[in-house]
Amino acid sequence: MEPLIGMGVLALIGVAATIAGASEDLESDVGSQSNPNSQVQLAPQMMFPHRIYNKAVSGEPPSNALMCSVGAAVATVLISEFTLSPLFALVIGALVAACVHGTFAVTSTMGRAASQRRFKQPVYLDMIRSHTPVIMGYAFITTFCILIVSYLMTVVLGHPFPLTMLAFIWGITVGAIGSSTGDVHYGAEREFQQFEFGSGLNASNSGNIVRYGESGVRNGYDNSWFCAKFGGPVTGIAFGMTVFLGSWVTTVFDPAVSLTRGWFSVVAGVIIVLILIIWNWKIEVKARNAFGPYKEDKTEEASA
Amino acid sequence: MIDALLDNIVSMIYIILGGVLISWSVHFVPVGGAPAAMAQATGIGTGTVQLAAGAGLTGLVSAGFMMNVTDNLPLILASGAVGAMIMIAVTMIVGTWVYVYGVGCVPSSAKVKVDPITKYRQDLYVSQGTEGHGLPTVSFVSGVIGGLLGGIGGALVYYALIEVGLKAGLTAGTSSSVTGHELVGIAAMFAIGIFFVNAVIPSYNIGGTIEGFHDPKWKKWPKAVISSFVATILCAVVAVIAISQLGVI
């Protein structure tokens, strides 16, 4: 393939991946999934009943992998058996996946809230009715973008993996990234805003999540509104960077041309990783200087 | 069936070696589980299996692409390693952004007093009631090593399975259809399965959180590696027989 076309396709893949990452994180914020949901689940038991959607279908990677695989399987059948145009097939696939995800979301939040009856946690039907379409909407965007990434990689860039396999792998990856980056903003900051900024969550405050919003009782919308300012976009950048940089090194240094070029692509990847290590170290030093030590150095005092 | 196993003994060794490498790699990945998602423990705020699988499978995508154009084993392994390293390094750097700029805490470890790489004091920066937070340099480097080993392991398993299929007369490589070649799909499925088996076994050792190679829990790795060795032998037997029988039909 012409290198320029390859770069263009790669740019498109990067954009789709960025949107997928951002919507994946916001989907897990509005519906409260993954690790921060442990606090939402714990709150009623600590006598803090709340009005936050409580769906942890599973960990984020398996649930996104399921969504993307369902979408890709439907799309594959429509493309190969019914010769439907790929764009329609991907949209229908994503739609089916969003419906499947919506079903899981409703059953899990109802089950979880109902099982906490003894802690006086109500089942807010209006909250379930209003939040589920939003969750399905985000799920649709995530699945559709992942399907676009997988389709372009399979058909245009000539990746040997079948569409469903690639969608499964990118589903696992987007879930792993969303759960490790954007969810921290939701779990460590948004859920515990009433405590001092920068302190992390003191174990003794577990379960004491913020239950009142800027106006009225806080719900999943308020959480996604807040996380859309930082957590969601950075998750998008993370997933976009992963997909883009992973393919960029082999597009610029095409191993199909010669073996030496293949090794150049490996060297380029290692250089990227080294730059990221140094960047992390710089941020660490900056944070240490800006936020300062939290405790006094007792060993120095003792020696003095 | 015994013939199929004996014919593919080198591939079996590769698969087992790959499985053992994956198992070892998981010990390097700094995961803090649910507490880390609330800035309550050092590491990345997600589960062991999930992150290791996310990185390793990204490496598998890179290795699969590389295998399409070359059959040079070191290059395939290196590209798998680079794919996994990039994924985990990007995840960790963005995680650091969130911990420092979004949550406002200093990357610090509660398991060691000084960072073995930068020699910075750690205990003074751990806030009250937590067991550290964020990703200090040592955890970041450890995570990259984990990605490297996991990527090599996943690529090795995939390479070996494709070799078994090619020997049995199946075809691999680029396909213009979305369904791809039968062999590629099945080899990738087995590779992912073997990856998950070997990512789950070490998580019993880790018990939810590990900070990297400086964590005392890291020293327990031989137990997980031996368990993975046994488990991967069984996986390899099933995978090799299944793929080689596919060629007979």
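Residues numbered from 1 in each chain as written. Chains lettered and ligands numbered in written order. Predicted model: local features only at pLDDT ≥ 70, side-chain atom pairs only at ≥ 80, totals over all residues.

### Quick word on the overall build of chain B
Note the threshold: Going along the chain from the N terminus, every DSSP run of H or I of four or more residues is numbered as a helix, and every run of E of two or more is numbered as a strand. For a compact globule the rule gives 2.2 Å times the number of residues to the power 0.38, and the radius of gyration it is set against comes from C-alpha atoms. Exposure classification rests on a simple neighbour count of other C-beta atoms within 10 Å of a residue's own: a residue reaching 20 or more is buried, one at 12 or fewer is exposed, and one in between is partly exposed. C-beta atoms are placed from the backbone. Once C-beta atoms have been placed from the backbone, residue pairs whose C-beta atoms lie within 7 Å are recorded as contacts.
A count of helical and extended segments in chain B gives eight helices and two strands. Mapped from its N terminus to its C terminus, chain B presents α and β elements in the order α-α-α-α-α-β-β-α-α-α. Here the C-alpha atoms of chain B give a radius of gyration of 19 Å, agreeing with the 18 Å that 2.2 N^0.38 yields for 249 residues. Its C-alpha atoms give chain B principal-axis dimensions of about 65 × 40 × 25 Å. Burial status across chain B gives 67% buried among its 249 residues. Contacts in chain B between residues far apart in sequence, at least 24 positions, make up 74% of those at least 6 positions apart.

### Observations concerning helix α7 (residues 182–190) of chain A
Of all nine residues making up α7(A), nine are buried, and the element is well covered by its neighbours. Listing the buried residues of α7(A) in full gives Gly182(A), Asp183(A), Val184(A), His185(A), Tyr186(A), Gly187(A), Ala188(A), Glu189(A) and Arg190(A).

### What about the packing of helix α9 (residues 231–252) of chain A against helix α10 (residues 259–291) of chain A?
If you want to describe how two helices pack, look at the angle between their axes and the distance between the axes. Residues and elements named next belong to chain A. The condition is simple: With axes taken as lines fitted to C-alpha atoms, and helix axes fitted only over the stretch in contact, angles between N-to-C directions fall between 0 and 180 degrees. For any helix crossing, the convention is left-handed if the near helix is rotated counterclockwise from the far helix by under a right angle, and right-handed if that rotation is clockwise. Residue classes follow a fixed rule: Ala, Val, Leu, Ile, Met, Phe, Trp, Tyr, Cys and Pro count as nonpolar, while Asp, Glu, Lys and Arg count as charged, and any other residue, Gly among them, counts as polar.
Running from N to C, α9 and α10 cross one another at 145°; their axes reach a closest spacing of 8 Å. The two elements α9 and α10 meet at a crossing, and its hand is right-handed. Seen from α9, the contacting residues are Leu-245, Val-249 and Thr-250; seen from α10, they are Ser-265, Ala-268, Gly-269 and Ile-272. Considered class by class, the residues forming the contact of α9 with α10 number four nonpolar, three polar and no charged.

### Some details on the environment of Gly208(B)
Mapping Gly208(B) onto the fold places it in the loop between α7 (182–206) and α8 (221–248). The spatial distance from the C-alpha of Gly208(B) to the C-alpha of Gly32(B) is 6.6 Å, given a sequence separation of 176 residues.

### Some thoughts on the confidence of the model for chain B
Inclusion rule: Residue-level confidence of the predictor, termed pLDDT, takes values from 0 up to 100.
Per-residue confidence for chain B gives a mean pLDDT of 89, with 98% of residues at or over 70. Complex prediction metrics read pTM 0.94 and ipTM 0.93.

### Here's the deal with the interface of chain A and chain B
The interface is formed by 78 residues belonging to chain A together with 80 residues belonging to chain B. Taken together, the elements giving at least two residues each to the side of chain A that touches chain B come down to α2 (37–42), α3 (60–80), α5 (125–156), α6 (163–180), α7, α9 and α10 of chain A. Looking at the side of chain A that touches chain B, the element that brings in the most residues is α10(A), giving 19 residues. The residue inventory of the side of chain A that touches chain B, partitioned by class, reads 43 nonpolar, 29 polar and six charged.

### Looking at unusual backbone geometry
The residue Lys120(A) is not glycine, and still its phi comes out positive at about 60°. Mapping Lys120(A) onto the fold places it in the loop between α4 (86–115) and α5. The exposed category is assigned to Lys120(A), around which 9 C-beta atoms lie within 10 Å. At Lys119(B), a position not held by glycine, the phi torsion is positive, near 65°. Mapped onto the elements, Lys119(B) comes out in the loop between β1 (108–109) and β2 (132–133).

### Concerning the packing of helix α1 (residues 3–30) of chain A against helix α8 (residues 220–227) of chain A
All names here are of chain A. Direction vectors running N to C along α1 and α8 enclose 150°, while the axes themselves pass 7 Å from each other. Where α1 crosses over α8, the two elements pack in a sense that is right-handed. Only Gly-220, Tyr-221, Asn-223, Ser-224 and Cys-227 of α8 make contact with α1, whose side of the interface consists of Asp-25, Leu-26, Asp-29 and Val-30. Looking at the contact of α1 with α8, its residues break down into four nonpolar, three polar and two charged.

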